[in-house]
Amino acid sequence: QVRLVESGGGSVQAGGSLRLSCATPGYNFNCMGWFRQAPGKEREGVAAICTRGGLIDYANSVKGRFTISRDNAKNTVYLQMNSLKPEDTDMYYCAAGGRRTLDPSEYNYWGQGTQVTVFS
């Protein structure tokens, strides 16, 4: 049974930082990604990382502020979010099993989401 266990969400002041974690106990996926979605909006790719090929990709809106990384030995992917803005407020989802990076339709497994709220 594939499980994606997310943690690290919360409420922070604008300009602050937050670190999200996503563990996949017992499994190691080639590609892992972070996505976000607001009510009534489509799911948006934020960042992705693939082991084979060493591919890392970011949405333009987070470049220079967010960093995705992974520890394959721990089957865990991280999203370090710095210089947070109110516009970053969303439900953030971890995803696994993709063949591509920032396209949510390419991912087969999803976490339940963790809420990130940025206030000014």
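That block above? That's the structure.
Here we summarise the structure given alongside this text. Quick caveat: nothing in here was measured; it's all calculated off a predicted structure.

Our next topic: the state of the cysteines. Applying the stated criterion to the full structure yields 2 disulfides. One disulfide bridge connects C22 with C94, the sulfur atoms lying 2.0 Å from each other. As the torsion about the S-S bond is roughly -85 degrees, the C22-C94 disulfide counts as left-handed. Of this pair, C22 sits in strand 3 (residues 18-23) while C94 is found in strand 9 (residues 90-96), placing the two residues 72 residues apart along the sequence. Paired by a disulfide, C31 and C50 hold their sulfur atoms 2.0 Å apart. On the sign convention where negative is left-handed, the bridge of C31 and C50, at about 105 degrees about the S-S bond, is right-handed. You can see C31 sitting in strand 4 (residues 31-37) and its partner C50 sitting in strand 5 (residues 44-50), a full 19 residues away along the chain. On the basis of relative accessibility, which here comes to 3%, the residue C31 falls in the buried class. Once the disulfide-bonded cysteines of the protein chain are ranked by sequence position, their pairing pattern turns out to be 1-4, 2-3.

What follows covers unusual backbone geometry. Positive phi, normally seen in glycine, also occurs at N75, with a value near 50 degrees. Inspection of the secondary structure puts N75 in the loop between strand 7 (66-71) and strand 8 (76-81).

Strand order in the open sheet made by the 4 strands is 1-3-8-7, with antiparallel pairing throughout. The strands lining the two open edges of the sheet, one partner per strand, are strand 1 (5-7) and strand 7. Here the strands of the sheet are splayed against their neighbours by 15 degrees on average, with no regard to which way each runs. Pairing of strand 1 with strand 3, which is carried by 3 bridges, proceeds in the antiparallel orientation. Each residue of the ladder has a partner; that of V5, found in strand 3, is A23.

The rules behind these values
- Residues numbered from 1 in each chain as written.
- Predicted model: local features only at pLDDT ≥ 70, side-chain atom pairs only at ≥ 80, totals over all residues.
- Heavy atoms only, no water.
- Disulfide = S-S within 2.5 Å.
- Helix = DSSP H or I, 4+ residues; strand = E, 2+ residues; numbered from the N terminus.
- Buried < 20%, exposed > 50% of the residue type's maximum accessible area, 1.4 Å probe, protein only.
- Pairing = 2+ DSSP bridges.
- Axes fitted to C-alpha atoms, helices over the stretch in contact; angles between N-to-C directions.

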